[in-house]
Amino acid sequence: MDETEADDVVTVGQRLREAREAKGLSIEDIAATTRIPTRHLSSLESSEWDKLPAATYSVGFAKNYAGAVGLDRAEIADALRLEMGGTRPVTIYPEVYETADPARTMPKGLVFGALALLAVVVLALTWMSNRSMAGEEAAPAIENVTAPEGNVAAPAPAPAPAPAASGPVVLTANEAVWIAIKDGSATLMQGELAAGESYQIPANAIAPVLTTGKPEALRIMVGTTAAPAVGPAGETVSGVSLLGPDLLRGPANPTGTSTSDAGNTTAPAA
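Residues numbered from 1 in each chain as written. Predicted model: local features only at pLDDT ≥ 70, side-chain atom pairs only at ≥ 80, totals over all residues. Heavy atoms only, no water.

### Focus on the pairing of strand 2 (residues 177–183)
Which entries qualify depends on this criterion: Partly exposed describes any residue whose relative accessible area lies between the buried limit of under 20% and the exposed limit of over 50%, with all areas from a 1.4 Å probe on protein chains only and scaled to the type maximum. Segments assigned H or I by DSSP are reported as helices when at least four residues long, segments assigned E as strands when at least two residues long, and all are numbered from the N terminus. Pairing between two strands requires that DSSP report at least two bridges joining them.
Strand 2 sits mainly inside the fold: 6 of its 7 residues count as buried. With 7 bridges joining them, strand 2 and strand 3 (residues 186–193) adopt antiparallel strand pairing. Within strand 3, the residue paired with Trp178 across the bridge is Glu192. Between strand 2 and the antiparallel strand that follows it, strand 3, lie 2 residues; Gly184 among them carries a positive phi value of about 70°. Across 5 bridges, strand 2 lies against strand 5 (residues 208–212) in antiparallel orientation. Among the inter-strand pairings, Asp183 is bridged to a residue of strand 5, identified as Pro208.

### Section: the nonpolar core
What counts, and what does not: To define a nonpolar core, start from buried Ala, Val, Leu, Ile, Met, Phe, Trp, Tyr and Cys residues and group those joined through side-chain atoms within 4.5 Å. By definition, residues are in contact when any of their heavy atoms lie within 4.5 Å.
Within the largest apolar cluster, 23 residues are counted, with the highest numbers of intra-cluster contacts made by Leu171, Ile181 and Leu210. Residue assignment for this core shows that the elements contributing at least two residues are strand 1 (169–173), strand 2, strand 3, strand 6 (218–222), strand 8 (237–241) and helix 8 (244–249). With residues up to four places along the chain from it excluded, the contact list for Leu171 reads Ile181, Leu193, Glu197, Ser198, Tyr199, Ile201, Leu210, Leu218, Arg219, Ile220 and Leu242. Of all hydrophobic cores here, the second largest spans 22 residues; its members include Val12, Leu41, Leu44 and Ile76.

### Description of the sheet that holds strand 4 (residues 198–200)
If you walk across this open sheet you meet the 4 strands as 4-1-6-7, and the pairing is antiparallel. At either end of the open sheet lies a strand with only one pairing partner, and these are strand 4 and strand 7 (225–226). Bridge count between strand 6 and strand 7: 2 bridges; the pairing is antiparallel. Bridged to Met221 within strand 7 is Ala226.

### Thoughts on the pattern of salt bridges
Put simply, the rule is: Salt bridge, as applied in this entry: a Lys or Arg side-chain nitrogen positioned within 4 Å of an Asp or Glu carboxyl oxygen.
Summed over all chains, the structure comprises 6 salt bridges. We note a salt bridge from Glu45 to Arg20, for which the minimum N-O separation is 2.8 Å. Here Glu45 is found in helix 4 (residues 38–45), whereas its partner Arg20 is found in helix 2 (residues 12–22), with 25 residues between them in sequence. As far as the burial class goes, Glu45 and Arg20 line up, both buried.

### Focus: unusual backbone geometry
Positive phi values are uncommon outside glycine, yet Arg35 reaches one of about 65°. As for its placement among the helices and strands, Arg35 is situated in the loop between helix 3 (27–34) and helix 4. In the Ramachandran plot, Ser47 falls in the positive-phi region, its phi being about 55° despite a non-glycine side chain. Its place among the elements puts Ser47 in the loop between helix 4 and helix 5 (55–69).

### Brief notes about helix 6 (residues 73–85)
Filter applied, for reference: By this rule, a helix spans an expected 1.5 Å times one less than how many residues it contains. The arc in question is formed by the directions pointing from the helix axis toward the C-beta atoms. Counted as a polar contact is a pair of N or O atoms within 3.5 Å, where, for protein atoms, one must be capable of donating a hydrogen and the other of accepting one, and residues adjacent in sequence contribute only when both atoms are in side chains.
With 13 residues, helix 6 extends 18 Å between its outermost C-alpha atoms, agreeing within 8% with the 18 Å of an ideal straight helix rising 1.5 Å per residue. Every buried residue of helix 6 is accounted for by Ile76, Ala77, Leu80 and Met84. Across the axial projection of helix 6, the buried residues extend over an arc of 100°, all falling on one side. The secondary structure elements touched by the buried residues of helix 6 are helix 2, helix 4 and helix 5. Looking at where helix 6 begins, the residue whose side-chain oxygen comes 3.1 Å from the main-chain nitrogen of Ala74 is Asp72.

Structure below.
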(Lines give C-alpha, C1' and ligand atoms only; values in the text may rest on other atoms or scores of the structure.)
Protein backbone atom coordinates (compact mmCIF):
# COMPACT_ATOMS: atom_id res chain seq x y z
CA MET A 1 0.00 0.00 0.00
CA ASP A 2 1.51 3.33 -1.03
CA GLU A 3 1.34 6.59 0.90
CA THR A 4 -1.69 7.87 -1.08
CA GLU A 5 -3.76 4.79 -0.20
CA ALA A 6 -2.78 5.07 3.48
CA ASP A 7 -3.97 8.66 3.57
CA ASP A 8 -7.34 7.56 2.22
CA VAL A 9 -7.92 5.08 5.05
CA VAL A 10 -10.57 6.40 7.45
CA THR A 11 -9.77 5.57 11.05
CA VAL A 12 -12.29 4.58 13.69
CA GLY A 13 -11.74 7.89 15.41
CA GLN A 14 -12.50 9.81 12.24
CA ARG A 15 -15.71 7.81 11.70
CA LEU A 16 -16.81 8.53 15.27
CA ARG A 17 -16.01 12.24 14.94
CA GLU A 18 -17.81 12.56 11.59
CA ALA A 19 -20.88 10.76 12.95
CA ARG A 20 -20.90 13.03 15.98
CA GLU A 21 -20.59 16.18 13.89
CA ALA A 22 -23.29 14.98 11.54
CA LYS A 23 -25.66 14.80 14.51
CA GLY A 24 -24.60 18.24 15.69
CA LEU A 25 -23.19 16.91 18.96
CA SER A 26 -20.18 18.10 20.91
CA ILE A 27 -17.59 16.04 22.76
CA GLU A 28 -19.27 17.14 26.00
CA ASP A 29 -22.63 15.83 24.75
CA ILE A 30 -21.12 12.40 24.12
CA ALA A 31 -19.38 12.44 27.51
CA ALA A 32 -22.67 13.21 29.25
CA THR A 33 -24.44 10.39 27.40
CA THR A 34 -21.78 7.71 27.74
CA ARG A 35 -20.15 8.83 31.03
CA ILE A 36 -16.78 8.59 29.30
CA PRO A 37 -14.30 11.39 30.14
CA THR A 38 -13.87 13.93 27.36
CA ARG A 39 -10.08 13.35 27.32
CA HIS A 40 -10.64 9.69 26.36
CA LEU A 41 -13.17 10.64 23.69
CA SER A 42 -10.73 13.13 22.18
CA SER A 43 -7.98 10.49 22.24
CA LEU A 44 -10.28 8.03 20.44
CA GLU A 45 -11.06 10.53 17.72
CA SER A 46 -7.39 11.35 17.17
CA SER A 47 -6.21 7.69 17.51
CA GLU A 48 -3.85 8.61 20.35
CA TRP A 49 -3.63 5.12 21.85
CA ASP A 50 -0.89 6.01 24.31
CA LYS A 51 -3.31 8.38 26.07
CA LEU A 52 -6.00 5.73 26.49
CA PRO A 53 -6.24 3.01 29.15
CA ALA A 54 -5.86 -0.68 28.31
CA ALA A 55 -7.15 -1.89 24.97
CA THR A 56 -10.14 -3.58 26.59
CA TYR A 57 -11.33 -0.27 28.00
CA SER A 58 -10.59 1.59 24.79
CA VAL A 59 -12.68 -0.84 22.75
CA GLY A 60 -15.48 -0.53 25.31
CA PHE A 61 -15.34 3.25 25.06
CA ALA A 62 -15.50 3.09 21.27
CA LYS A 63 -18.51 0.78 21.33
CA ASN A 64 -20.44 3.11 23.61
CA TYR A 65 -19.38 6.13 21.53
CA ALA A 66 -20.63 4.30 18.41
CA GLY A 67 -23.96 3.56 20.06
CA ALA A 68 -24.39 7.23 20.98
CA VAL A 69 -23.88 8.44 17.39
CA GLY A 70 -25.79 5.65 15.63
CA LEU A 71 -22.90 3.50 14.33
CA ASP A 72 -22.69 -0.29 14.54
CA ARG A 73 -21.07 -1.13 17.87
CA ALA A 74 -19.65 -4.50 16.86
CA GLU A 75 -18.22 -3.18 13.60
CA ILE A 76 -16.54 -0.25 15.35
CA ALA A 77 -15.10 -2.59 17.99
CA ASP A 78 -13.64 -4.97 15.40
CA ALA A 79 -12.19 -2.09 13.36
CA LEU A 80 -10.59 -0.55 16.45
CA ARG A 81 -9.00 -3.85 17.45
CA LEU A 82 -7.43 -4.09 14.00
CA GLU A 83 -6.12 -0.52 14.24
CA MET A 84 -4.73 -1.02 17.70
CA GLY A 85 -3.26 -4.40 16.80
CA GLY A 86 -0.52 -2.73 14.80
CA THR A 87 0.52 -0.34 17.54
CA ARG A 88 -0.56 -1.95 20.79
CA PRO A 89 -1.35 -5.54 21.70
CA VAL A 90 -4.94 -6.26 22.47
CA THR A 91 -5.51 -7.84 25.88
CA ILE A 92 -7.39 -11.13 26.10
CA TYR A 93 -9.32 -10.23 29.24
CA PRO A 94 -13.10 -10.06 28.90
CA GLU A 95 -14.63 -6.63 28.62
CA VAL A 96 -16.08 -5.86 32.02
CA TYR A 97 -16.01 -2.09 32.41
CA GLU A 98 -17.32 -0.80 29.10
CA THR A 99 -19.13 2.27 30.40
CA ALA A 100 -17.07 3.08 33.45
CA ASP A 101 -13.97 5.12 33.87
CA PRO A 102 -11.42 3.01 35.81
CA ALA A 103 -10.73 6.01 38.00
CA ARG A 104 -14.36 6.00 39.09
CA THR A 105 -14.64 2.37 40.18
CA MET A 106 -15.49 1.87 43.87
CA PRO A 107 -12.77 0.27 46.05
CA LYS A 108 -13.57 -3.29 47.12
CA GLY A 109 -13.02 -2.44 50.77
CA LEU A 110 -15.69 0.24 50.61
CA VAL A 111 -18.13 -2.17 48.93
CA PHE A 112 -17.58 -4.87 51.59
CA GLY A 113 -17.89 -2.28 54.36
CA ALA A 114 -21.21 -1.04 52.97
CA LEU A 115 -22.54 -4.61 52.73
CA ALA A 116 -21.48 -5.33 56.31
CA LEU A 117 -23.20 -2.16 57.55
CA LEU A 118 -26.36 -3.08 55.67
CA ALA A 119 -26.35 -6.54 57.28
CA VAL A 120 -26.02 -4.98 60.76
CA VAL A 121 -28.94 -2.64 60.10
CA VAL A 122 -31.14 -5.52 58.88
CA LEU A 123 -30.30 -7.60 61.96
CA ALA A 124 -31.05 -4.68 64.29
CA LEU A 125 -34.41 -4.01 62.65
CA THR A 126 -35.32 -7.71 62.84
CA TRP A 127 -34.41 -7.86 66.53
CA MET A 128 -36.48 -4.77 67.34
CA SER A 129 -39.46 -6.13 65.40
CA ASN A 130 -39.32 -9.49 67.22
CA ARG A 131 -39.05 -7.75 70.58
CA SER A 132 -42.06 -5.57 69.81
CA MET A 133 -44.14 -8.58 68.76
CA ALA A 134 -43.16 -10.46 71.92
CA GLY A 135 -44.28 -7.51 74.05
CA GLU A 136 -47.64 -7.37 72.29
CA GLU A 137 -48.21 -11.11 72.84
CA ALA A 138 -47.35 -10.89 76.53
CA ALA A 139 -49.59 -7.91 77.25
CA PRO A 140 -52.98 -9.77 77.16
CA ALA A 141 -51.68 -12.31 79.70
CA ILE A 142 -51.38 -9.56 82.33
CA GLU A 143 -55.09 -8.91 82.11
CA ASN A 144 -55.84 -12.52 83.14
CA VAL A 145 -53.82 -12.34 86.39
CA THR A 146 -56.13 -12.25 89.42
CA ALA A 147 -54.84 -10.36 92.44
CA PRO A 148 -55.17 -12.02 95.87
CA GLU A 149 -58.51 -11.20 97.47
CA GLY A 150 -58.34 -8.25 99.80
CA ASN A 151 -54.91 -7.03 98.65
CA VAL A 152 -56.13 -4.75 95.89
CA ALA A 153 -59.04 -2.41 96.30
CA ALA A 154 -61.61 -2.42 93.55
CA PRO A 155 -61.62 0.80 91.54
CA ALA A 156 -64.33 3.24 92.49
CA PRO A 157 -67.07 3.59 89.88
CA ALA A 158 -66.80 6.68 87.78
CA PRO A 159 -69.36 9.34 88.72
CA ALA A 160 -72.25 9.63 86.35
CA PRO A 161 -72.00 12.73 84.16
CA ALA A 162 -74.42 15.50 84.95
CA PRO A 163 -77.23 15.99 82.41
CA ALA A 164 -76.61 18.67 79.86
CA ALA A 165 -78.25 21.94 80.82
CA SER A 166 -79.85 24.10 78.19
CA GLY A 167 -82.81 26.41 78.03
CA PRO A 168 -84.27 28.93 80.51
CA VAL A 169 -84.65 28.26 84.26
CA VAL A 170 -88.31 28.51 85.33
CA LEU A 171 -89.61 28.19 88.90
CA THR A 172 -93.29 27.14 89.25
CA ALA A 173 -95.16 27.02 92.58
CA ASN A 174 -97.03 23.80 93.33
CA GLU A 175 -98.60 25.72 96.21
CA ALA A 176 -98.26 29.22 97.58
CA VAL A 177 -94.63 29.79 98.54
CA TRP A 178 -92.43 32.76 99.48
CA ILE A 179 -89.16 33.11 97.59
CA ALA A 180 -86.31 35.60 97.26
CA ILE A 181 -84.02 35.56 94.23
CA LYS A 182 -80.89 37.71 94.10
CA ASP A 183 -78.15 38.20 91.54
CA GLY A 184 -75.23 39.57 93.48
CA SER A 185 -76.50 42.70 95.25
CA ALA A 186 -79.50 43.02 92.94
CA THR A 187 -82.87 41.54 93.96
CA LEU A 188 -84.55 39.93 90.98
CA MET A 189 -87.70 38.78 92.77
CA GLN A 190 -88.89 38.75 96.35
CA GLY A 191 -92.40 37.78 97.36
CA GLU A 192 -94.95 35.04 97.16
CA LEU A 193 -95.68 32.84 94.19
CA ALA A 194 -99.26 31.64 94.10
CA ALA A 195 -100.04 28.05 93.26
CA GLY A 196 -99.43 27.53 89.52
CA GLU A 197 -97.56 30.83 89.19
CA SER A 198 -94.12 30.79 87.52
CA TYR A 199 -91.02 32.96 87.48
CA GLN A 200 -88.31 32.75 84.80
CA ILE A 201 -84.73 33.67 85.64
CA PRO A 202 -83.57 36.47 83.31
CA ALA A 203 -81.18 35.29 80.61
CA ASN A 204 -78.67 37.99 81.57
CA ALA A 205 -78.48 36.92 85.23
CA ILE A 206 -74.88 36.12 86.18
CA ALA A 207 -75.16 34.20 89.49
CA PRO A 208 -78.79 34.06 90.64
CA VAL A 209 -79.41 32.38 94.02
CA LEU A 210 -82.62 31.29 95.76
CA THR A 211 -83.84 31.57 99.33
CA THR A 212 -87.11 29.86 100.40
CA GLY A 213 -88.63 28.20 103.42
CA LYS A 214 -90.59 25.59 101.41
CA PRO A 215 -88.32 24.04 98.75
CA GLU A 216 -90.79 21.20 98.30
CA ALA A 217 -93.37 23.70 97.00
CA LEU A 218 -91.27 24.58 93.96
CA ARG A 219 -90.90 22.75 90.65
CA ILE A 220 -87.82 23.98 88.78
CA MET A 221 -87.28 23.30 85.07
CA VAL A 222 -84.04 23.80 83.11
CA GLY A 223 -85.31 23.97 79.59
CA THR A 224 -87.33 20.74 79.29
CA THR A 225 -85.48 18.96 82.13
CA ALA A 226 -86.84 18.87 85.68
CA ALA A 227 -84.19 19.70 88.29
CA PRO A 228 -83.92 17.77 91.57
CA ALA A 229 -85.39 19.29 94.74
CA VAL A 230 -83.24 22.12 96.06
CA GLY A 231 -83.60 21.05 99.70
CA PRO A 232 -85.43 18.85 102.21
CA ALA A 233 -89.12 19.48 102.74
CA GLY A 234 -89.89 21.90 105.53
CA GLU A 235 -86.36 23.30 105.76
CA THR A 236 -85.28 26.78 104.78
CA VAL A 237 -82.59 26.91 102.12
CA SER A 238 -80.57 29.91 101.03
CA GLY A 239 -77.85 30.67 98.54
CA VAL A 240 -79.03 27.90 96.20
CA SER A 241 -77.59 28.51 92.72
CA LEU A 242 -80.22 28.87 90.03
CA LEU A 243 -77.80 28.30 87.17
CA GLY A 244 -78.88 25.39 84.97
CA PRO A 245 -75.78 23.17 85.44
CA ASP A 246 -75.83 23.66 89.23
CA LEU A 247 -79.53 22.81 89.47
CA LEU A 248 -79.15 19.61 87.44
CA ARG A 249 -76.28 18.45 89.64
CA GLY A 250 -78.63 18.55 92.64
CA PRO A 251 -78.48 20.15 96.10
CA ALA A 252 -75.00 18.69 96.85
CA ASN A 253 -73.40 21.59 94.89
CA PRO A 254 -75.17 24.84 95.83
CA THR A 255 -73.28 28.10 95.65
CA GLY A 256 -74.62 29.12 99.03
CA THR A 257 -75.41 27.25 102.29
CA SER A 258 -78.43 25.11 103.18
CA THR A 259 -79.69 25.37 106.72
CA SER A 260 -82.49 23.92 108.74
CA ASP A 261 -82.58 26.93 111.08
CA ALA A 262 -85.66 28.82 109.96
CA GLY A 263 -84.61 31.75 112.10
CA ASN A 264 -81.69 32.57 109.77
CA THR A 265 -84.07 33.68 107.00
CA THR A 266 -87.25 35.48 107.76
CA ALA A 267 -90.06 34.81 105.31
CA PRO A 268 -93.69 35.87 105.52
CA ALA A 269 -96.12 33.07 106.37
CA ALA A 270 -97.48 31.28 103.36
